[in-house]
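# Examining the three-dimensional arrangement
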Amino acid sequence: MANKRELKKDINYVLGDIIEAVYVWELTNAEKPTKESEAVIDEAIVTFDELIARVNDRSVENKKAHFKAINADLESKGRALIEKINKLK
């Protein structure tokens, strides 16, 4: 983890790519967007907001551990969202 700016970029790229994957899924299935796909997009947006708020929290004493925890949460939540995309019908 280099710094706060890099962490914010990682959050933006990962969750942006997940949302883009849902849009691609919707286009390839030629149906109207399903409630499940919209729920994945909504969850990605909520996750983005939560992680960015945690990054901007200045009351943290041990920033290195704090940023590592955020990075780990990003990875776990990103994987969970990808699994939900793979399970879409």
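Please refer to the structure placed before this passage.
Residues numbered from 1 in each chain as written. Predicted model: local features only at pLDDT ≥ 70, side-chain atom pairs only at ≥ 80, totals over all residues. Heavy atoms only, no water.

### Remarks on the nonpolar core
Among the nonpolar cores identified, the biggest contains 17 residues, and Leu 7, Ile 11, Leu 15, Val 55, Ile 70 and Leu 81 are the most heavily contacted of them. Taken together, the elements giving at least two residues each to this core come down to helix H1 (4–29), helix H2 (35–55) and helix H3 (63–86). Contacts of Ile 70, omitting those with residues within four sequence positions, involve Leu 7, Ile 11, Leu 51, Arg 54 and Val 55. (Core = buried A, V, L, I, M, F, W, Y, C linked by side-chain atoms within 4.5 Å. Buried < 20%, exposed > 50% of the residue type's maximum accessible area, 1.4 Å probe, protein only. Helix = DSSP H or I, 4+ residues; strand = E, 2+ residues; numbered from the N terminus. Contact = heavy atoms within 4.5 Å.)

### Remarks on H2
Every α-helix carries 3.6 residues per turn, so stepping three or four residues along brings you back to the same face. A rise of 1.5 Å per residue sets the reference length of H2, with its 21 residues, at 30 Å; its end C-alpha atoms lie 30 Å apart and thus fit the reference within 8%. Residues of H2 that are buried: Ser 37, Val 40, Ile 41, Ala 44, Thr 47, Leu 51, Ile 52 and Val 55. Down the axis of H2, the smallest arc covering the buried residues is 125 degrees, so these residues share one side. For H2, exposure combined with an orientation more than 90 degrees from the buried face picks out Lys 35 and Ala 53. (Expected span 1.5 Å × (residues − 1). Arc of directions from axis to C-beta.)

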